[in-house]
Each structure stands twice: as structure tokens, then as C-alpha cells.
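Summary of structural features
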Amino acid sequence: MPFDRDAPCWLYQPQTMHTIDSLLAPKAAGCAPAGGDSAQVQAVPDRRSYQDMVRQATARLGNGTAEALRKVVLARSLEISRTTPFDLRRLLRHLMNDASITTYCLPLPGPARHAAASHLVGATPELLITRRGKNIKSLPLAGSLPKQANPMLDQAATRRLLQSAKDLQEHRVVVEFIADLLNPLCANLAVPAHPSLCSTASMWHLGTHINGTLKHPDDLATSSSLALAARLQPTPALCGAPRDAALTLIRQLEPFERGFYGGTAGWSDNTGDGSWYVAIRCAEIQGPRARLFAGAGIMHDSSPAAEADETAAKFSAMLRALELEGLELFPTLGNTASR
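The structure reproduced in this document is the subject of the present report. Since this is a predicted model, take the numbers as computed values, not measurements. (Residues numbered from 1 in each chain as written. Predicted model: local features only at pLDDT ≥ 70, side-chain atom pairs only at ≥ 80, totals over all residues. Heavy atoms only, no water.)

**Topic: the packing of aromatic side chains**
Within this structure, the stated rule accounts for 3 aromatic pairs. Taking 6.5 Å as the distance between ring centres and 45° as the angle between the ring planes, the aromatic pair formed by Trp10 and Tyr12 counts as tilted. Of the residues examined, Trp10 reaches a relative accessible area of 36% and is grouped as partly exposed. For Tyr12, a relative accessible area of 42% puts it in the partly exposed group. When the centroid spacing of 6.1 Å and the interplanar angle of 50° are considered together, the rings of Phe256 and Phe293 count as tilted. (Phe/Tyr/Trp six-rings, centres within 6.5 Å; stacked < 30°, edge-to-face > 60°. Buried < 20%, exposed > 50% of the residue type's maximum accessible area, 1.4 Å probe, protein only.)

**Thoughts on the pattern of salt bridges**
On inspection of all chains with the given rule, the structure shows 12 salt bridges. Among the salt bridges present, the one from Lys166 reaches Glu170, with a minimum N-O distance of 2.9 Å. Linking Lys166 with Glu170, this pair stays in helix α5 (residues 165-182), spanning 4 residues, or about one helical turn. There is no split in this pair, since Lys166 and Glu170 are both buried. The salt bridge involving Glu310 is made with Lys314; its shortest N-O contact spans 2.7 Å. Here Glu310 pairs with Lys314, and both are found in helix α9 (residues 304-321), just 4 residues apart, close to one helical turn. What makes Glu310 buried here is its relative accessible area of 8%. With relative accessibility at 12%, the residue Lys314 sits in the buried group. Salt bridges sharing partners connect three or more residues here, namely Lys71, Lys166, Asp167, Glu170 and Glu307. (Salt bridge = Lys/Arg side-chain N within 4 Å of Asp/Glu carboxyl O. Helix = DSSP H or I, 4+ residues; strand = E, 2+ residues; numbered from the N terminus.)

**So, the environment of Arg251**
Here Arg251 lies in helix α8 (residues 243-253). For Arg251, a relative accessible area of 47% gives the class partly exposed. Between the alpha carbons of Arg251 and Asp4 there is a distance of 10.0 Å; along the sequence they are 247 residues apart. Aside from chain neighbours lying at most four places away, what touches Arg251 is Asp4 and Asp6. At 3.2 Å, the side chain of Arg251 and the side chain of Asp4 are in polar contact. (Contact = heavy atoms within 4.5 Å. Polar contact = N/O pair within 3.5 Å; in protein donor to acceptor, adjacent residues only side chain to side chain.)

**Considering the packing of helix α2 (residues 47-60) against α8**
Their axes nearest at 11 Å, the elements α2 and α8 cross at an angle of 150°. Regarding the angle of α2 to α8, the classification is roughly antiparallel. Crossing handedness for the pair α2 and α8: right-handed. For the pair α2 and α8, the contacting residues are Met53, Gln56, Ala57 and Arg60 in the first and Leu249, Gln252 and Leu253 in the second. Here the contact of α2 with α8 is composed, by residue class, of 4 nonpolar, 2 polar and 1 charged. (Axes fitted to C-alpha atoms, helices over the stretch in contact; angles between N-to-C directions. Parallel < 35°, antiparallel > 145°, perpendicular 65-115°, else oblique. Left-handed = near helix turned anticlockwise from the far one by under 90°. Nonpolar A, V, L, I, M, F, W, Y, C, P; charged D, E, K, R; others polar.)

What follows is the structure, encoded as C-alpha cells:
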């Protein structure tokens, strides 16, 4: 499902199923690794423009009225091109090295005839909703810090995250939103009072494990995993709160269309069971071109520099998987660069 609730979804039924081993087996004639190729990158927007977006957003947040915008998520993109196509199997093998994430590679609709097929590829740590029978789970993430190479500095960073008023409030907005939407459908819903630490290879996140029991699991129109995902997405973790006001500001400030970034990717079967994940830490890959996305939650007291740093850190996992680690610094530089 795309980020924009008014945009069409892309749902399909697979014809065949493959094991992970067969899917990721090296092809006889795979593409060359990215490291031996030249690449061009453009940050959209560049760091200075993104920080200006954050300043404009903070000026609109928390004006004290009941319908005031409480949070908005602003995203950036990196547009990368090189001379040879990216190898999706090689990319997936790299992404799957991080056991804390869910990897996905999904065909996208509408490539021009004779053009290279386009795929949404990513490794998300965030579970939007999963359903097995009458039981449901959600793991919203909001509030983040990049990991530090020094163990002592990393431990200090986790303490700061757990005590950060800004990050705790940002996280609370997301949890309350999900709980409010799920509660009417549940016989019981367990929502911890405090978040816990969740981690990926490159980031620390605040996360809350929400568990519930559906009142009417046989009512697939309202309680299938697909219906639940459509009800929830996009959450304030990728949009903001209130949702409509945040969507309006995102459309005003972001200089690109998100497409399926910030939406949800997953599966649902004919019993209503399934799992749906927030489509983050992802890229649109089409032949030799890649478009990466990263966002940060903006509150009234957000630091423009810190939010720009957070998006740069979130790019790092995909850049490493693409074997383009040297591009990690580019979001902190100007609008264009090359390797």
C-alpha cells in the first residue's frame, strides 16, 4: 500500500513460491558488485534545504489548540545512478545479514514497455500489524538514535534515548494512535506504559510491543490482516498526528512523491491471517538507478541539525547493502556528488 491513502494499492497473487535458499542462490551470470562501478548521487532535498523544512515544520507544531499538529514526519531521498544494473539478489543477501529486520523485494506497477522492471527493496524493523487467528500484534517504532562504534558512547546514547522527553513524546503519539484504532476491534488490548529499546545494525529505536485479541476474527471486512493494515497506515511513525493535518504539511514541504515509501508491504491469506510491515529503510531499484528514502519525526522542539543527522544515519544500512558506503557522507554535503 502506498503512503498516500488516496493513491492506488498494488496487490497481486504470486504464481509460485520459492525457498530462501533457491531465491538467493547466486546466478551463473550475476551483475558486477557496486564497488567496482562509478555512481552519481543527488540528495533531494540537500541538507540545508531539509533543515529549513524542519524549521518550517517546528513553527507549525504545538500551538496549543485541540486540533494542533503534534508531530510530522519529513523525509529525504537520495537518487543514485551508475553504469551497470544493481543485482537484486546480491542486495538481498546483504540486507538479510541483519537478523533484527524483515527484508522485502516487491515488483512495482507500471514500468514502461521495454524498460527495466522496478522493485521496492528494503529491510524494515517496524511491524505494522500481524494476525494469527484472533491474536494480533504491532510493534511501532518512533524515537531513534544512530549506534556508536564505541561501546561506552553507545551505552550513553541508549540512556539519552530512554530519557529524551522529545523522543518519548514522539513515540507516545504513535502508540496512542495505533491503540485508539485497534481498541474498538479488540476484546482486549495490552499496551505497555513505557517503550523498550529495539535495535538494528545501525540504529537504536524506542519500540512498544502491542498485543490484542480480536472480537470478531471471522469478520474479514474489518478484522483481516489486510483490513487492519489499511485502517492503520500511515501511522504517525511515518506521517504525523493528526494524520490529515500532517499529510497536508508533508505535501506542502517535501519536494517529491513518496510512492510506496512510508506505506506498508506484506501478505494476507484467505483466512485473514497475514503480516504487514512499514515500508522503510527502502529503495526503488530500476536497472542501474536507485532511489533511497529516509525520514525523521519532527516535534515542536526538534533540532534541524539532529533531524538531518538522523536521516543520514538511516540511509547507511541501504548504502552499505548497495556497496556504496562512501555515499553515507553525501547527505551532509551539497546537493550533488559522485564516486
